[in-house]
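Fold and geometry: a report
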Amino acid sequence: MLEMETERLIIRRFKAEDWQDLFEYLSQESVVKYEPYCVFTEDACKKETINRSQNPAFWAVCLKESNKLIGNIYFQQQEPRDFLTWEIGYVFNPKYYGNGYATEGCKQILIYGFEQQGAHRIIGKCNPLNTASSNLLERLKMRREAHFTKPAFFKRDSDGNPIWHDAYLYAMVEEEWLGFTK
Ligand SMILES: CC(C)(COP(=O)(O)OP(=O)(O)OC[C@H]1O[C@@H](n2cnc3c(N)ncnc32)[C@H](O)[C@@H]1OP(=O)(O)O)[C@@H](O)C(=O)NCCC(=O)NCCS
């Protein structure tokens, strides 16, 4: 599937021309704070947009009324593939926070996952300090399954030491999805 539509959004593959909209938010420190990368330069963003246009795990989320790209959702099948598990992730432009757009977009990706891709289980992970993200996963009715203590690091401090972070694991299985949609 190349495009999905919700009440207010178009969710589609990335195109090379999207780089400026992507740069608008990936250039902000507050947006990448909990991501496994640092802020992007314009050149890096141009390359990233091309990479994303060739990677079906990345979905561009655009406002229907203006075509403005306001965020992205990552939806990737996990290994082993027989386990039919996908991971969801999301990053939005702060200008558009607080309107339910991320909830609306992610809900559509859950529909796509469970109803079109045949997902058995969809997971989402976040740093417990990132309450905007855990609130979103809870609005999606995903269930918190675990609180891992310092399982990973994305960044290092100025002395080169890892900045270990905690992680919540959220999940929803197909039976739960069917229960919610009945
Ligand atoms: C995580 C992130 C996408 C959440 O954004 P968000 O704007 O809080 O989420 P939504 O777009 O779903 O909006 C929800 C808010 O809009 C409100 N809202 C308004 N209309 C709404 C509607 N129709 N439906 C749902 N919520 C609505 C909700 O009450 C909620 O408000 P609150 O924050 O005061 O509780 C955003 O913070 C982000 O991109 N962060 C940076 C990247 C990041 O950390 N990603 C996650 C890494 S794990």
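Small disclaimer: the values here were computed from a predicted structure and weren't measured. (Residues numbered from 1 in each chain as written. Predicted model: local features only at pLDDT ≥ 70, side-chain atom pairs only at ≥ 80, totals over all residues. Heavy atoms only, no water.)

1. Focus on the nonpolar core
Residues Ile 73, Ile 88 and Ile 122 are the most contacted members of the largest nonpolar core, which totals 32 residues. In terms of residue count, helix 4 (residues 101-116) provides more of this core than any other element does, 7 residues in total. Non-local contacts of Ile 88, meaning those with residues more than four positions away in its chain, are made with Ile 73, Tyr 74, Phe 75, Cys 106, Ile 109, Leu 110, Ile 122, Ile 123, Gly 124 and Met 142. Counting 13 residues, the second-largest nonpolar core is a separate cluster that includes Val 32, Ala 60, Cys 62 and Val 91. (Core = buried A, V, L, I, M, F, W, Y, C linked by side-chain atoms within 4.5 Å. Buried < 20%, exposed > 50% of the residue type's maximum accessible area, 1.4 Å probe, protein only. Helix = DSSP H or I, 4+ residues; strand = E, 2+ residues; numbered from the N terminus. Contact = heavy atoms within 4.5 Å.)

2. A word on the packing of aromatic side chains
To describe a pair of aromatic rings, you give the distance between the ring centres and the angle between the ring planes. Here the structure, examined in full by the defined rule, presents 9 aromatic pairs. Taken together, a centroid distance of 6.4 Å and an interplanar angle of 50° make the contact between Trp 19 and Phe 23 tilted. Separated by 4 residues within a single helix, Trp 19 and Phe 23 lie in helix 1 (residues 19-26), roughly one turn from each other. Judged by its relative accessible area of 22%, Phe 23 falls in the partly exposed class. (Phe/Tyr/Trp six-rings, centres within 6.5 Å; stacked < 30°, edge-to-face > 60°.)

3. Quick notes on unusual backbone geometry
With omega at -5°, the peptide bond leading from Glu 79 into Pro 80 counts as cis. In this fold, Pro 80 is placed in the loop between strand 4 (69-77) and strand 5 (85-92). The residue Lys 141 is not glycine, and still its phi comes out positive at about 65°. Mapped onto the elements, Lys 141 comes out in the loop between helix 5 (131-139) and strand 7 (143-156). For Lys 141, a relative accessible area of 47% gives the class partly exposed. Non-glycine residue Lys 150 carries a positive phi angle of around 45°. With respect to the element layout, Lys 150 can be found in strand 7.

4. Examining the site of the ligand
Taken together, 19 residues lie near the ligand, and Tyr 90, Phe 92, Gly 98, Thr 103 and Asn 130 sit nearest. Here Phe 92 contributes a backbone N or O atom positioned 2.8 Å from an oxygen atom of the ligand. Taking Arg 139, its side chain carries an N or O atom lying 3.1 Å from an oxygen atom of the ligand. Relative to its free-state accessible area of 950 Å², the ligand is covered by the protein chains to the extent of 67%. (Near = heavy atom within 4 Å. Polar contact = N/O pair within 3.5 Å; in protein donor to acceptor, adjacent residues only side chain to side chain. Areas by Shrake-Rupley, 256 points an atom, 1.4 Å probe, with all protein chains shown as cover.)

5. What about the layout of surface pockets?
In this approach, a probe sized like a water molecule rolls over the atoms, and the result shows the empty space that is left. By volume, the largest pocket amounts to about 1300 Å³. Taken together, 47 residues line the largest pocket, and the ones lying closest to its centre are Tyr 34, Glu 35, Tyr 90, Asn 130 and Ser 133. Those elements giving two or more residues to the lining of the largest pocket turn out to be helix 2 (29-32), strand 4, strand 5, helix 4, strand 6 (121-126), helix 5, strand 7 and strand 8 (162-173). The dominant element in the lining of the largest pocket, judged by the number of residues it contributes, is helix 5, at 7 residues. A breakdown of the residues in the lining of the largest pocket according to their chemical character gives 25 nonpolar, 14 polar and 8 charged. (1 Å grid on protein atoms, 1.4 Å probe; cavity = no way out; pocket = protein on both sides within 12 Å on 5 of 7 lines; lining within 4 Å. Points joined across faces, edges and corners; volume = space filled by probe spheres on them. Nonpolar A, V, L, I, M, F, W, Y, C, P; charged D, E, K, R; others polar.)

6. Side note on the pairing of strand 6
Bridging between strand 5 and strand 6 involves 3 bridges; their strand directions are parallel. Residue pairing for strand 6: Thr 85 is matched across the bridge by Arg 121. As for the winding sense of the linkage, the β-α-β connection from strand 5 through helix 4 to strand 6 is right-handed. Here 6 bridges tie strand 6 to strand 8, and the two strands are oriented antiparallel to one another. Following the sheet pairing, Ile 123 is matched in strand 8 by Ala 171. (Pairing = 2+ DSSP bridges. Right-handed = clockwise from strand over helix to strand, strands pointing away.)

Purely geometric stuff here, so don't read any function into it on its own.
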